[in-house]
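Next come the chains, spelled out residue by residue.
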Amino acid sequence: MNLLPKSSKEFGSVDYWEKFFQQRGKKAFEWYGTYLELCGVLHKYIKPREKVLVIGCGNSELSEQLYDVGYRDIVNIDISEVVIKQMKECNATRRPQMSFLKMDMTQMEFPDASFQVVLDKGTLDAVLTDEEEKTLQQVDRMLAEVGRVLQVGGRYLCISLAQAHILKKAVGHFSREGWMVRVHQVANSQDQVLEAEPQFSLPVFAFIMTKFRPVPGSALQIFELCAQEQGKPVRLESAERLAEAVQERQQYAWLCSQLRRKARLGSVSLDLCDGDTGEPRYTLHVVDSPTVKPSRDNHFAIFIIPQGRETEWLFGMDEGRKQLAASAGFRRLITVALHRGQQYESMDHIQAELSARVMELAPAGMPSQQQVPFLSVGGDIGVRTVQHQDCSPLSGDYVIEDVQGDDKRYFRRLIFLSNRNVVQSEARLLKDVSHKAQKKRKKDRKKQRPADAEDLPAAPGQSIDKSYLCCEHHKAMIAGLALLRNPELLLEIPLALLVVGLGGGSLPLFVHDHFPKSCIDAVEIDPSMLEVATQWFGFSQSDRMKVHIADGLDYIASLAGGGEARPCYDVIMFDVDSKDPTLGMSCPPPAFVEQSFLQKVKSILTPEGVFILNLVCRDLGLKDSVLAGLKAVFPLLYVRRIEGEVNEILFCQLHPEQKLATPELLETAQALERTLRKPGRGWDDTYVLSDMLKTVKIV
């Protein structure tokens, strides 16, 4: 028997509801949930001795159950004569103080201020089926009548799915009247909903509109959201922000319902926010492994990513998370990233905080009492210390933070908050600069400083291990020096380099320290980055290394226009990011690989020199175009893909006859490396130049 309407407009029809209740008979129809699902909200906002009006009561048992727990002064109205007759017959003897009246809620017969609560369970949703003028006029009459029959301080408690047009109408109407508006999400009880009844992916909300005494000239509007039954209401600044917050919860509920019903949804991620501040606290990624065979204990697990390691390939990229999930051996793995700026006490505290929420994301078929394991690396939550935060006019907000790596060594990172999952620059701290040692030195400085002195770090850049390159793409770029003629002589002959893009300064600093005859010009568009590199990453200028604050495009164009007097570089390196996140190429900006500009680059490169470019391009068509453009200007082009990253390092040279086959290339790299490894040069033994060139391909 189909009891649901063919179109939403039928919800507002008297004839539809008469037919509905005749077919349904005396069986209760619990629209939007049972009393057990709603009682937490109802008891919170309705006192037992208050006089309650239930509009559009239907044959719901809600009024009866309220009556049975002590709410005796209840009046029920409905437009259906059939249902009113049914309800009178059912309750005349057992609930004598409760009344049922056939009445149109848009033209109620009660005196003004007759009730302290008007309770509406789905009636507004049933009436407000569209936004046509006739419908809106009917709803205006209904809401006006609700306001008329309520006392000052009384509440209109409306149970609704809070669809956008309904929320807009209800909130708009009552906020203009000067009422306090609160939207309260009803606790999720999907497991208790009977299979025979319709189930909604959307969560159920309660609107609590509290009538205030009108204050002439007052523009005060109060909007609040309460996300859980026992949660603290959050004050929101506008009706629009309230609507956005409700929509976020609806989208989350829809996602949960889809994850319960389907084995796989592709890549799914969401943020869980702090209930008091609204700031993101956890970022969750849901990863399904279809190849894992189901067993009793491998349905579901949660993996807590240690702080500061969320940018690693295994945790920060889709492919990495898939590999992690497959190796963990669970049908569904949820990875949890912890946000900077949030405090986390321990793994146990995180588990207690997340347990209820993550269970809503469990896969279909998981036993209800299944124990869900919380996993991590080494069983801890990692260490992240924010050393400095600031805002650059060009690069936006950024943060300098120290994080603990997998080997318990500490690393300093520069992160642009506009792209918080990408490490812009990274350097390893010296072994004696541990987290505890830093805290102790900071504490000692506080004891020694005057009371009004600022708490500035003591030479933070001095703690950097300058012999170590953290970034794999920087290692590959340095390895590209093996393409120069006679690389084993590079420590004895002058070497002119141009580096566009300073960041933390690790790349030019490494060349400066390991190649004593090198002269380096570094170009950086953002003066804030020079301050960051100097203060936090141990960078310093010298007579062999100068930083030019300029746009790399303008700087090279100016050099290229210098005629016979223009300088020529043995090596030109581009490691510059794009500030436009909408492009398919995030490094370098597209203007840096236009043919007209590449011709200028060519004009300041020595005939045997090498142009080295860090390319980060997810658009395959765009990448092919970039490679073709480079090949047109630089006939000899090598590509080195960085494993586990999007980065590709391009080595460009002018003459095809300079081409080295892989064995020759490795041999020259090894020759350079033997020179660099001589005692006293401070070369890091873990860095093998030839390894960086083993997978180089010629385009």
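Residues numbered from 1 in each chain as written. Predicted model: local features only at pLDDT ≥ 70, side-chain atom pairs only at ≥ 80, totals over all residues. Heavy atoms only, no water.

Per an unreviewed UniProt entry, the chain goes by eEF1A lysine and N-terminal methyltransferase and derives from Gorilla gorilla gorilla. Under the Subunit (unreviewed entry) heading, UniProt states for the chain: "Forms a tripartite complex containing GAB1, METTL13 and SPRY2. Within the complex interacts with GAB1 and SPRY2." (UniProt positions renumbered as here; feature names shortened; annotations may be inferred.)

What follows covers the pairing of strand β21 (residues 545-549). Two elements, strand β20 (residues 518-524) and β21, share 5 bridges in a ladder whose sense is parallel. Residue I520 lies in a different strand from β21, and its bridge partner there is M545. Note on the crossover from β20 through helix α15 (residues 527-536) to β21: the handedness is right-handed. (Pairing = 2+ DSSP bridges. Helix = DSSP H or I, 4+ residues; strand = E, 2+ residues; numbered from the N terminus. Right-handed = clockwise from strand over helix to strand, strands pointing away.)

Spatially, 9 strands are ordered β3-β2-β1-β4-β5-β7-β6-β8-β9 in an open sheet, and the strand pairing comes out mixed. Lying at the two open borders of the sheet, with one neighbouring strand each, are β3 (99-102) and β9 (234-236). In this sheet, neighbouring strand axes are inclined to one another by 20 degrees on average, regardless of whether the strands run parallel or antiparallel. In this sheet, strand β4 (residues 115-121) lies alongside strand β1 (residues 52-55) in parallel orientation, the contact comprising 4 bridges. Paired with L53 across the bridge in β4 is V118. Set on the sheet, helix α2 (residues 35-45) makes contact with β4, β5 (150-160), β6 (180-185) and β7 (205-210); between it and β6 the angle comes to about 155 degrees. The sheet contacts of helix α6 (residues 133-149) involve β1, β4 and β5, and relative to β5 the element is tilted by about 140 degrees. (Axes fitted to C-alpha atoms, helices over the stretch in contact; angles between N-to-C directions. Contact = heavy atoms within 4.5 Å.)

All right, on to the packing of helix α16 (residues 552-560) against helix α17 (residues 595-603) then. It is at 9 Å that the axes of α16 and α17 come closest, and there the two elements cross at 55 degrees. On the basis of their axis angle, the class for α16 and α17 is oblique. Taken as a pair, α16 and α17 cross one another with a handedness that is left-handed. Contact with α16, carried on its side by G552, L553, I556, A557 and A560, involves F597, K600, V601 and S603 of α17 and no other residues of that element. Of the residues in the contact of α16 with α17, the class split is 6 nonpolar, 2 polar and 1 charged. (Parallel < 35°, antiparallel > 145°, perpendicular 65-115°, else oblique. Left-handed = near helix turned anticlockwise from the far one by under 90°. Nonpolar A, V, L, I, M, F, W, Y, C, P; charged D, E, K, R; others polar.)

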